[in-house]
Amino acid sequence: MRKEYLMKVEDEKRVKQKYDNKMKILKADAERKNVPTDLYREEDGFRKEMQLQDENLIVPRNRIDDEYAMSIYREPQIALTTCRHASSRLVTFMKEIGLIFPNCTRVNRGALVVKDLVTLCQQKNYSDLIIVHEHRGEPDGIIISHMPLGPTIYFGISKPVLRHDLESRADPMSEAFPHLIFNNFTTPLGERVVTILKHLFPVPKIESKRVLTFNNEGGVIQFRHHTYQKTFHDVELNEIGPRFDLKPYQITMGVLGQKEAVKEWQLRSFINTAGKKSVL
């Protein structure tokens with residue numbers, strides 16, 4: 001199945017090149033210019049195909065369509081676990097993460113290795129696997145792997161604040177499906193991250209008062225969790241927690257632990273130098 005998927009990725013590149021050539025022909029027609037010379041031999045074939053295609057068919061499907069093709073038919077089902085020998089603080093953090101995601105099931109890690117976790121998720125028909133990690137008792141990483149073909153995204157966690165560490169006492173956690181706010185994700189990589197994150201949540205009801213905010217600030221995603229209440233003249237926000245920052249550092253086109261998975265993107269030491277542009 002995975003080899004077939006990788007072949008689709010290569011086919012996607014060829015289809016994208018074909019689509020770009022068709023767009024060059026249409027642009028030349030619109031501007032009343034000659035078709036580029038490198039397309040003379042293929043022009044007749046492209047025009048015959050374009051006559052049979054409408055606006056929806058001419059746009060090629062990509063691997064993201066295949067990865068999340070089933071999301072319109074089912075709600076996400078998430079398996080959540082920790083690294084081995086988790087501290088009590090990481091277990092508490094995992095429980096609070098589990099309250100953020102609807103339809104989330106906590107899995108006792110025990111002696112399970114990554115391969116066993118992935119097999120369990122595929123057998124139980126989970127849509128995603130989430131693993132939280134720690135360093136010296138402090139949560140420092142989270143991995144999200146989409147089943148059954150990927151992708152897998154790796155985040156670093158910084159500035160974690162649990163619910164009982166908030167300045168004001170947090171209200172009981174609402175179980176309503178949350179509304180999502182993604183702010184300042186302007187690059188193709190940012191759109192990719194948004195696609196991965198938004199498919200972890202089912203569609204909420206309009207009257208839901210629960211809001212999750214993902215705000216990109218210089219390549220760091222600030223996560224906040226609130227409920228709101230409308231008044232006559234204003235909107236009151238109440239932070240529920242937890243609160244933390246996420247920094248993506250790798251995306252692979254495969255499930256967790258898959259050695260042959262292609263690295264779609266990886267954060268390099270020179271990417272954020274000088275702060276000339278935002279990664280996300």
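Scroll up for the structure.
Residues numbered from 1 in each chain as written. Predicted model: local features only at pLDDT ≥ 70, side-chain atom pairs only at ≥ 80, totals over all residues. Heavy atoms only, no water.

## Details of the overall build of the protein chain
Right, on to step 1. Along the protein chain, the regular secondary structure elements total six helices and 11 strands.
Right, on to step 2. Here the protein chain, with 280 residues, has 43% of them falling under the buried criterion.
Right, on to step 3. Sequence separation of at least 24 residues holds for 64% of the intrachain contacts in the protein chain that already meet a minimum separation of 6.
Right, on to step 4. Accessible surface for the protein chain amounts to roughly 16900 Å². Of this, 52% is attributable to carbon and sulfur atoms. (Helix = DSSP H or I, 4+ residues; strand = E, 2+ residues; numbered from the N terminus. Buried < 20%, exposed > 50% of the residue type's maximum accessible area, 1.4 Å probe, protein only. Contact = heavy atoms within 4.5 Å. Areas by Shrake-Rupley, 256 points an atom, 1.4 Å probe, with all protein chains shown as cover.)

## Description of the packing of aromatic side chains
Right, on to step 1. The full count for this structure, using the stated rule, is seven aromatic pairs.
Right, on to step 2. Ring geometry for Phe182 and Phe185: centres 6.0 Å apart, planes at 75°, overall edge-to-face.
Right, on to step 3. Looking at Phe182, the relative accessible area reads 24%, which means it is partly exposed.
Right, on to step 4. Ring geometry for Phe182 against Phe214: centres 5.0 Å apart, planes inclined by 10°, an arrangement best described as stacked. Taken together, the positions of Phe182 in strand β6 (residues 179–183) and Phe214 in strand β7 (residues 210–217) put the pair 32 residues apart, joining distant regions of the chain.
Right, on to step 5. An aromatic cluster is defined as three or more aromatic residues linked by ring pairs; in this entry it consists of Phe93, Phe182, Phe185, Phe214, Phe223 and Phe244. (Phe/Tyr/Trp six-rings, centres within 6.5 Å; stacked < 30°, edge-to-face > 60°.)

## Some words on the nonpolar core
Right, on to step 1. Residues Phe93, Phe101, Ile144, Phe155, Val193, Phe214 and Ile221 are the most contacted members of the largest nonpolar core, which totals 36 residues.
Right, on to step 2. When near neighbours in sequence (up to four residues on either side) are disregarded, Phe214 contacts Leu180, Ile181, Phe182, Asn183, Phe185, Leu197, Phe201, Ile221, Gln222 and Phe223. (Core = buried A, V, L, I, M, F, W, Y, C linked by side-chain atoms within 4.5 Å.)

## With respect to the pairing of strand β1 (residues 78–82)
Right, on to step 1. Across the five residues of β1, five count as buried, placing the element largely inside the fold.
Right, on to step 2. Burial along β1 is two-sided: Ile78, Leu80 and Thr82 and Ala79 and Thr81, pointing in opposite directions, are all buried.
Right, on to step 3. Inspection of the sheet shows β1 paired to strand β2 (residues 104–106) by three bridges, in the parallel sense. Paired with Leu80 across the two strands is Arg106, which belongs to β2.
Right, on to step 4. For β1 and strand β3 (residues 128–135), the ladder comprises five bridges, and the chain directions are parallel. Of the residues in β3, the one forming a bridge with Ala79 is Leu129. (Pairing = 2+ DSSP bridges.)

## So, helix α4 (residues 88–100)
Each turn of an α-helix holds 3.6 residues, which means side chains three or four residues apart point in the same direction.
Right, on to step 1. Taking 1.5 Å of rise per residue, 13 residues should cover 18 Å, and α4 covers 19 Å from first to last C-alpha, within 8% of that figure.
Right, on to step 2. By the burial criterion, the buried members of α4 are Leu90, Phe93, Met94, Glu96, Ile97, Gly98 and Ile100. (Expected span 1.5 Å × (residues − 1).)

## A closer look at the layout of surface pockets
Right, on to step 1. In this structure, the largest pocket spans a volume of roughly 580 Å³.
Right, on to step 2. Taken together, 30 residues form the lining of the largest pocket, with Met70, Ser71, Arg74, Ser127 and His146 sitting closest to its centre.
Right, on to step 3. Of the residues in the lining of the largest pocket, the class split is 16 nonpolar, seven polar and seven charged. (1 Å grid on protein atoms, 1.4 Å probe; cavity = no way out; pocket = protein on both sides within 12 Å on 5 of 7 lines; lining within 4 Å. Points joined across faces, edges and corners; volume = space filled by probe spheres on them. Nonpolar A, V, L, I, M, F, W, Y, C, P; charged D, E, K, R; others polar.)

## Looking at a nonpolar patch on the surface
Right, on to step 1. Taken together, the side chains of Met70, Ile72 and Tyr73 define a hydrophobic patch exposed on the protein surface, amounting to about 410 Å² of accessible area.
Right, on to step 2. Summarising the element assignment, Ile72 is placed in the loop between α3 (63–67) and β1. (Patch = residues over 30% accessible without salt bridge, like charges linked within 9 Å, V, L, I, M, F, W, Y side chains within 5 Å. Salt bridge = Lys/Arg side-chain N within 4 Å of Asp/Glu carboxyl O.)

## Regarding the pattern of salt bridges
Opposite charge on two side chains permits pairing when their charged atoms draw close.
Right, on to step 1. Enumeration according to the criterion identifies seven salt bridges in this entry.
Right, on to step 2. A salt bridge links Glu31 to Lys33, with the nearest nitrogen and oxygen atoms 3.4 Å apart.
Right, on to step 3. For Glu31, a relative accessible area of 39% translates into the label partly exposed.
Right, on to step 4. Residues participating in the shared-partner salt-bridge network are Arg89, Glu138 and Asp165.

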